[in-house]
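An overview of the molecular structure
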Amino acid sequence: MADWNTRLEVKLGDATITPISTFTPTFNVPHTVLHSIEADNTGFVRQPFTFTFTMGVPAVASAVADLTELAANGGEFQIVVAEKSGTDWAFNAIKFARCVITSANPSNVMVDGVPQATFSCLALSVGVEA
């Protein structure tokens, strides 16, 4: 039985982004159902898939400057989400390659606490290590 003590780490290239407060991947694999005069649901057409993710990083981390620079220059990067410790997670690692930042909010103003930088990204290639 899992004890849910797994810690995940997110790497930008070879460097671990620390700390990261949120990481939300979204996999979209749309399909269109085909119908004919003879029957319904005769098959489907697979549409192009998309992999997107958002991540929130406290604006005090040095990775925010690197990610903001990548966003401004339109540079590609790769990011890996992997188990740091524990065995509760279903995958050992998910690698997002050829990523680009589609929008960046480098610093939200906070009355209390640490400002949060939010990055929305897309990945052209995804690999899963089970």
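Details of the structure are given in the entry above.
Note that the coordinates shown come from a computational prediction; the quantities given were computed from them, not determined experimentally.

1. Focus: the nonpolar core
I17, F53, L67, F77, I79, F96 and F119 are the most contacted members of the largest nonpolar core, which has 22 residues in total. At the level of elements, β1 (7–12), β6 (50–58), α1 (62–73), β7 (77–85), β8 (93–105) and β9 (116–129) are the ones that each hand at least two residues to this core. Leaving out residues up to four positions away in the same chain, F119 has contacts with F53, T54, M55, V64, L67, T68, I101, S103 and A104.

2. Let's talk about the packing of aromatic side chains
What describes a pair of aromatic rings is the distance from one ring centre to the other and the angle between the planes of the rings. Evaluated as defined, the whole model comprises 6 aromatic pairs. Relative to F96, the ring of F23 has its centre 5.9 Å away and its plane inclined at 65 degrees; by these criteria the two rings are edge-to-face. With F23 in strand β3 (residues 22–28) and F96 in strand β8, the pair connects residues that are 73 residues apart, well separated along the chain. With a relative accessible area of 0%, F96 lands in the buried category. Residues F27 and F51 carry aromatic rings whose centres are separated by 5.1 Å and whose planes lie at 75 degrees to one another, so their mutual orientation is edge-to-face. One end of the pair, F27, is in strand β3; the other, F51, is in strand β6, with 24 residues separating them in the sequence.

What counts and what doesn't
Residues numbered from 1 in each chain as written. Predicted model: local features only at pLDDT ≥ 70, side-chain atom pairs only at ≥ 80, totals over all residues. Heavy atoms only, no water. Core = buried A, V, L, I, M, F, W, Y, C linked by side-chain atoms within 4.5 Å. Buried < 20%, exposed > 50% of the residue type's maximum accessible area, 1.4 Å probe, protein only. Helix = DSSP H or I, 4+ residues; strand = E, 2+ residues; numbered from the N terminus. Contact = heavy atoms within 4.5 Å. Phe/Tyr/Trp six-rings, centres within 6.5 Å; stacked < 30°, edge-to-face > 60°.

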